[in-house]
Amino acid sequence: MEAMTSALTFRCRLTRCAAALVVVVAMPSVAVVERAQADISEGTFVLRAGRVYTMADGDGWIIENGMILVENGRIVAVGADIVVPLFVDMIELPDAIVMPGLVAANSSLAGRNASEDSVGPRYRAVDAFDAYADYGRILSGGVTTVYLNPGRHRLVTGVGAVAKLGAAPGAAILRETADLVINLGERVFDPPAKQQWLLPPSSDSRIEPSLVQRPSSRLGQFLQLRESFDAATSYDVGRGDGGRSGAGGKHSQYDDNLAALEGLLRDGVRLRINADRATDIEQAIQFCRERGFEFVLTGASQSELVADILARAGVGIVYEAPLRPVGARPNLGPDPDRLDDDLYIPPALRDLPIAIAGPEGEPHAQLMLYAAAARRAGLSRRAAIEAVTIHAAKLLGVDDRVGSIQPGRDADLVVLNGEPLLATTHVRRVFVNGRTVFETPEKQSAKLVVKAGTIWTGETTIKGGAVLVEDGRITAVGETVPVPPHARVIDAGPQAVVTPGFIDSRGHLGLEGDRSRVGADLSPAKALARARPEFARVARAGVTTVLVSAYRPDSKGARISAIHTAGETRDELIVKDAAGLIFSLRGTDPATAGDVLRKALKAGKAYDDAWKKYHKALAEYKAKGPEQKAAEKKKPDATEDEVKAEKPQADPVTGTWEGSVAGEPLPEPQDFTARLKLSGDQVEGSLETFFGGGEEIEVSGTFSEGHLSLEVDLDIPIGKPTIEADIDEPDHLTGTFNIGSRFSFELEAERTEKEAPEIKISRKRKKKDGEPEAPKKNEALEPYRDLFAGKIAVVIDVKGPGVIGAVLPVFQKDYKVPFILLNAEGAGQAKEQIAGAKTGVILPTRAVRRIGREDYVQSVDLTRGGIPVAFQSDAEDGARGLPDRAAYHIRLGMDATAALRALTIDAARLMRCDDQVGVLQRGCRGDLLIFDGPPLEPGSRLSRVIINGKEVGR
Amino acid sequence: MDGGRRDCAESVETWTVCRTGVETMRRCTLWMKPGGGSRPWGRLFWMLAAIFTAAVGGRAVAQTIVLEGGRIIPVSGETIKKGSILIRGSKILAVGKTVEVPFDAKVIDVSGKTLFPGMIDVHVAGLGLDRPNENVPVAPFLNVYDAIDPSLLFFEDALRDGIAVLHLMQGNDCVIGGLSRVVHPIGMTPDEMTIVPDLAIKIAITPKTGFDRMLQMATLREAFLKFADDMERLAEERYEEKLRDEKKDLDVPPAVARERGRALIRDEDIPDKDRNLLLLTRGKLPAFIYCGRAMDVPRAIKIAKDNGFFERCVLVLGSECYKAVDVLKEAGRPVVLDAELIHRETDPITGKEIETFVPGVMDEAGVTFALQRRSGTSLGERYLWYQAARCVREGISRAAALEAITLRPAQMLGLGDRFGTLEPGKDASILVLSGDPLDSQTWVEKVIIEGVPVYDKAEDIRLKKLFATPEEELGGAAGDADEKSPGTSKPAASGGQASTRKTTTEKAEEPAGDGSHD
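This report concerns the structure included in the present document. (Residues numbered from 1 in each chain as written. Chains lettered and ligands numbered in written order. Predicted model: local features only at pLDDT ≥ 70, side-chain atom pairs only at ≥ 80, totals over all residues. Heavy atoms only, no water.)

Some remarks on the overall build of chain A
Helix and strand content of chain A: 23 helices and 43 strands. Going through the 954 residues of chain A one by one, you find that 52% of them count as buried. Entry remark: accessible area of chain A is about 43600 Å², with carbon and sulfur atoms responsible for 50%. (Helix = DSSP H or I, 4+ residues; strand = E, 2+ residues; numbered from the N terminus. Buried < 20%, exposed > 50% of the residue type's maximum accessible area, 1.4 Å probe, protein only. Areas by Shrake-Rupley, 256 points an atom, 1.4 Å probe, with all protein chains shown as cover.)

Here's the deal with the overall build of chain B
Helix and strand counts for chain B come out as 18 helices and 20 strands. Residue burial in chain B is summarised as follows: out of 518 residues, 58% are buried. Nonlocal contacts in chain B, meaning residues at least 24 apart in sequence, comprise 66% of its contacts between residues at least 6 apart. (Contact = heavy atoms within 4.5 Å.)

Things to note about helix α4 (residues 218-235) of chain A
Residue and element names in this part refer to chain A. Here α4 spans 26 Å end to end across 18 residues, near enough to the 26 Å set by a 1.5 Å rise per residue. Among all positions of α4, only Gly-220, Gln-221, Phe-222, Gln-224, Leu-225, Ser-228, Phe-229, Ala-232 and Tyr-235 are buried. Packed against the buried residues of α4 are β7 (156-164), β8 (173-183), α5 (256-266) and α6 (278-291). (Expected span 1.5 Å × (residues − 1).)

Overview of the pattern of salt bridges
All names here are of chain A. According to the stated counting rule, one finds 95 salt bridges over all chains in the structure shown. Linking Asp-412 and Lys-164 is a salt bridge whose minimum nitrogen-to-oxygen distance equals 3.0 Å. With Asp-412 in the loop between α10 (390-396) and β13 (413-416) and Lys-164 in strand β7, this residue pair connects regions lying 248 residues apart in the sequence. On the accessibility criterion, Asp-412 (3% relative accessible area) is buried. Shared partners join several salt bridges into a network, and the residues in it are Arg-74, Lys-164, Arg-401, Asp-410 and Asp-412. (Salt bridge = Lys/Arg side-chain N within 4 Å of Asp/Glu carboxyl O.)

Some words on the environment of Ile-947 of chain A
All names here are of chain A. Inspection of the secondary structure assignment puts Ile-947 in strand β42 (residues 942-947). On the accessibility criterion, Ile-947 (3% relative accessible area) is buried. Distance from Ile-947 to Leu-929, taken between C-alpha atoms, is 8.6 Å for residues 18 residues apart in sequence. Beyond its immediate sequence surroundings of up to four residues, Ile-947 is in contact with Ala-539, Thr-544, His-564, Thr-565, Ala-566, Gly-926, Asp-927 and Val-952.

Digging into the interface of chain A and chain B
Taken together, the contacts link 37 residues of chain A with 38 residues of chain B. Counting across the interface, chain A meets chain B through three salt bridges. Note that Asp-130 of chain A and Arg-293 of chain B form a salt bridge whose closest N and O atoms lie 2.5 Å from each other. Taken together, the connections running from chain A to chain B amount to eight residue pairs in polar contact (both at pLDDT 80 or more). Looking at the side of chain A that touches chain B residue by residue, the class counts come to 15 nonpolar, ten polar and twelve charged. (Polar contact = N/O pair within 3.5 Å; in protein donor to acceptor, adjacent residues only side chain to side chain. Nonpolar A, V, L, I, M, F, W, Y, C, P; charged D, E, K, R; others polar.)

Describing the packing of α4 of chain A against α6 of chain A
Residue and element names in this part refer to chain A. Interaxial distance between α4 and α6 falls to 11 Å at its minimum, and their mutual angle equals 20°. Classified by the angle between their axes, α4 and α6 sit roughly parallel to one another. For the pair α4 and α6, the sense of crossing is right-handed. Contact residues: α4 offers Arg-218, Gln-221, Phe-222, Leu-225, Arg-226, Phe-229 and Asp-230, while α6 offers Thr-279, Asp-280, Gln-283, Ala-284, Phe-287, Glu-290 and Arg-291. Considering only residue class, the contact of α4 with α6 consists of five nonpolar, three polar and six charged. (Axes fitted to C-alpha atoms, helices over the stretch in contact; angles between N-to-C directions. Parallel < 35°, antiparallel > 145°, perpendicular 65-115°, else oblique. Left-handed = near helix turned anticlockwise from the far one by under 90°.)

A short note on the sheet that holds strand β12 (residues 287-291) of chain B
Residues and elements named next belong to chain B. Pairing in this open sheet of six strands is mixed, and the strands run β8-β11-β12-β13-β14-β17 from one edge to the other. Edge positions in the sheet fall to β8 (176-179) and β17 (369-370), since each has one partner strand and no second. The sheet contact formed by strand β11 (residues 201-204) and β12 spans four bridges and is parallel. Residue pairing in the sheet places Lys-202 in a bridge with Phe-288 of β12. (Pairing = 2+ DSSP bridges.)

Considering a negative patch on the surface
Taken together, Asp-726, Asp-728, Glu-729, Glu-748 and Glu-750 of chain A make up a surface patch of like negative charges. Mapped onto the elements of the fold, Glu-750 of chain A is located in strand β34 (residues 743-753). (Patch = residues over 30% accessible without salt bridge, like charges linked within 9 Å, V, L, I, M, F, W, Y side chains within 5 Å. Lys, Arg positive; Asp, Glu negative; His and termini not counted. Charge placed at Lys NZ, Arg CZ, Asp CG, Glu CD.)

Section: the state of the cysteines
Residue and element names in this part refer to chain B. Tallied over the entire structure, the rule returns zero disulfides over all chains. The structure places no disulfide on Cys-174, whose sulfur is separated from the nearest cysteine sulfur, that of Cys-291, by 12 Å. A relative accessible area of 1% places Cys-174 in the buried class. Under the relative-accessibility criterion, Cys-291 is labelled buried at 0%. (Disulfide = S-S within 2.5 Å.)

Observations concerning the packing of helix α14 (residues 590-623) of chain A against helix α18 (residues 801-814) of chain A
All names here are of chain A. Contact geometry for α14 and α18: axes closest at 8 Å, N-to-C directions at 35°. In terms of crossing hand, the pair formed by α14 and α18 is right-handed. Counted together, Pro-590, Ala-593, Gly-594, Leu-597, Arg-598 and Leu-601 of α14 and Gly-802, Val-803, Ala-806, Val-807, Val-810, Phe-811 and Asp-814 of α18 form the full contact between these two elements. Across the contact of α14 with α18, the residue classes break down as nine nonpolar, two polar and two charged.

A closer look at helix α12 (residues 533-540) of chain A
Since the α-helix packs 3.6 residues into each turn, any two residues three or four apart lie on the same face. Residues and elements named next belong to chain A. Along α12, the residues that are buried comprise Glu-534, Phe-535, Val-538 and Ala-539. One side of α12 carries all its buried residues, which in axial view fall inside an arc of 150°. Of the surrounding elements, those touching the buried residues of α12 are β23 (543-548), β25 (558-564) and β42. (Arc of directions from axis to C-beta.)

Pasting the structure below:
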């Protein structure tokens, strides 16, 4: 990570140097150099995406694998193959689809003006636009440009504007005066009467009667419009230079609305006419034609009735989407005159520039959805996308800045996780002027959808399906899956095959060549803080899970951990801390092999039983009422009595021992004091030494034949400390002090007191009210509890039919726990027995063996006999060769599906971890492999590896 | 309360030092306030007394005071650990470790105390007035003079909190408001209180009640457009009038007529209600422009630039305005910050709450800011020193924080040469504090305004009531009798002989009586 950061910084520095150099050569001005540096550091990059919707005219509107070069917030070049300057940041989005920032051709973002004026050209929507507000929500829908409507509640509501969201406040307004908004129809009828106050009040200024405003009918609206426009035209007569010469008229009374309208008309303002009814539309066209206004029509739900007139006039139309995702649609009732809010765009109008905007009061962010709904109104797919990009920009007069991805336009880009206009498609990232203004939040970015032509779940094959991974776990598999908003979507294509991640059933990844003999108390997983660099090699080969165990397991068995080959947190990295137990019975006598196992299992069983008993007692205790508990409370405490009854007696151990421990990695010998007491062959007491923070720690153990064996009651992850010492002379002790099996220190001590010590820690603190006490935790035996619960399996390394024959009965008769045979050379001769024991075999690393004169392939032999098999690497990052080995087995005659199962579901089932890995099903870890062809075919490429829902870098 | 008045009236010092009768009244006002019911009579009495004094005394005796041995924080320079201030009349004559003590000087020992300039409340929006706003959106013809209510407790509280200068303005709920006024928090009539009349005009960019931004901006723009239009018409009319007088025919186009007529406009031609707009647009009247939101800031600057008062405008900001700090920095105009110093908002996507310390942003950008307080709250924001202390706590330099409640507001009001620091030549507007001005345990012990001690905590009846123990409440008369209790001996009344007195905030040691005098 640090290396990456520094590399990045370095590159940035390089970029700036280069930029500075170029500019220095071009024009040697210091000021310019500084300016160039500042500009280039922001908003300059190359973006490569799987598909780019440029929305340019003609066939070039879609570019596959397109690249966009952005410099200083502007698009400089677009194409499948463009010249990329040196030292420019590259944004690779191979799964993404990029389109221009969406343009909302209408919006109520400016609110509505609060005036009473029926004709209020003096209001400006731009006044109500807050360039400093956080438009994150609207941007998250991909909308980067909006038209600001001053309101639709009066005949003339003012001047509309066009603004960019997410831009720097100073650069947010694209057009301050876009058009003058005129609304027609019932909703503008009967405006309130206007009261005019003359100030300051005096006897001279009488209170005027309130002014009744028009319109109150269809007739009135155009009457009022014509009157206002005429008044505005003549308003300035007498004001403009020389305009009044000879006219002799009086300077007209100042009127703010007329003054504003006069200015607008003088500047040749465009009109935006909001009309739904055919009659209003017709009259609007008439009005504009006779006065020579250019105009855009909004609403136009009855455009069908006047289609030919509209087509002839070539008017641009902003339709309201026939979709109300949030608000309910109003009841229209039987009245045939009520305007239907469903939309139909007649064919004659589909060639006009058409824009789609959201219905009033509906969320601005859902513009893509509104465009999608326009398809059912009759628009083609392309026209629907154009209606929220380039056509909308044209109608707003800002197509030279936004609406398409072409050189010279602003770098307003929307990154989608799928094809536009689909309900499941969401915005992942938004750029405005080359600056990222929206990015999928962390919460959502941990969601991934993988689509492929074939999904092999481990059991079934889904043609054309998808997998949803949320927060590292698979939550849905099927032909369709829910696509959470803003989720990342990988569409691998129809040829691709998705399989579960592969499993190395026995490997040593992460042990770094440590060949020490270890017991079951040591967990290989616990030594891992994070994935080491070599893990990535294994991951990239497709092996996502490794069942790690020591090279040399202890005779009492060693622990197996299931780990992932990639992961940032412990939880991601470790699949199962105790995933199994491994015993090596290689080279043991068939006669004793069974007993070795039985002995280990017996101890484990006893431990498990103790816990079961405890849990049962605890359950009973908890079920008891409080009265019973109180009754039991009165019983004398047996243990306390025992302690009191013990008498000190002279013996070789009892007393206070003082000495020291020394050895690597202790920097210097450490003193310790032990107070011990012997009773029978049991020793108990306390220890005060360098760990434990000066407290006395409880010790207990045995003493027999001059050998003292003590365990210190301290929970350390790598195992409890133990003392193994001999009393070599009276009152003198030598031996070792061990912590787990990792550390071993020399120990020497002398007895300084023979008096029985006062042991400060009473070992058995029985709960006062008879609550059962938990058995002592033994790390080495802990896995057995899972084993006897059937959650994990025992792996037994065996060779030869004799040993196999001796081992099988142990599990069939004595201890019915899951088990697997490891290597099991000679298993072919015991196929029926193995099949009968319902177990499987982890194949040896050698695929072919020569038996007699024939090649013998164990995998083929066993799988044909119905015995599940799995593959092992018996190596560390050598596990990367596992898929190739499986392919080789197929070449030697193994069934391809069986080989695939051996790497995935069979391995997982045998190891009892199919609830986590090896299969694509709800609840499992999100480990997926995406092949561009049939998996395990040597010609197929493993294109992506996903572990815990996160892609492993290539 | 009566006792308070008597106390003042009979104090030798008060009588001998007054220059004018008006000042006498001013000085006495604080003690009179609580007795609001008898005010008209009181006023008459004092009027008469003042006239009497002026007539009999005959001369205005310049009072000379030396504040000796205090820690002086002059704001303009280094703190003087132990120094003195010489005051003659209403002005400071000297500040230093030692000052020359004239023979007639009354020496007040302030050792152990801190001397600090009177704090300045630079934007009192609608407080201290009968009501904060008029219902008319564009009303530049209004004047807060008509609304000031000297009897309000607000002024008494301001004095108690160490505020010596208040800039009374119309509230923010307007489009163009009326004229403001700079006052002392002491005096019986608006005239007595006044330091500077008709100082500035109020403009609001944030919509007033019932308005939206479109309407607000349209109204604001048109107020100026209409004014310009009116002026043009006036010019034209004046020119026509002139031609008529000369019996000539109109011979030029209107534009020329306007041009020629502009010079002919007489002051009396301008209607009263437009007079202030004229002053404003000619840059003769400062404007305090209220911007509640960041989006208002560029609009305010544009309006000011378009209409010729940009060079004289002060922006009064809401807490969100820190977002427009780039615009503010470029504009280079002084700003008054909101009393809420921390802006909080929630990210719409992540739901994360973001807090911004606004003065920190301004300080970093180099924007000159003054701090405001919020009256009517029981929180710390009601004190200016608290606002400054918070700035220091958030990393702003102490000097800048102290300036933001003294010198900078004075400069914003154009009174930088009179208030805001303790320097020779400035008005003697001085606080005697029990400790550091930014320490929450500090009390304002005395306030000197225009060279006259107008507030003494030992005489503050309300504080006494507030901190009175139950026994004291019962036995107020006993306190009266106990003249020698340390809390009630008054240094000011001891015939020029300074005496040290330890005033503490302990309830038990608070002076019990209210009417001690010689």
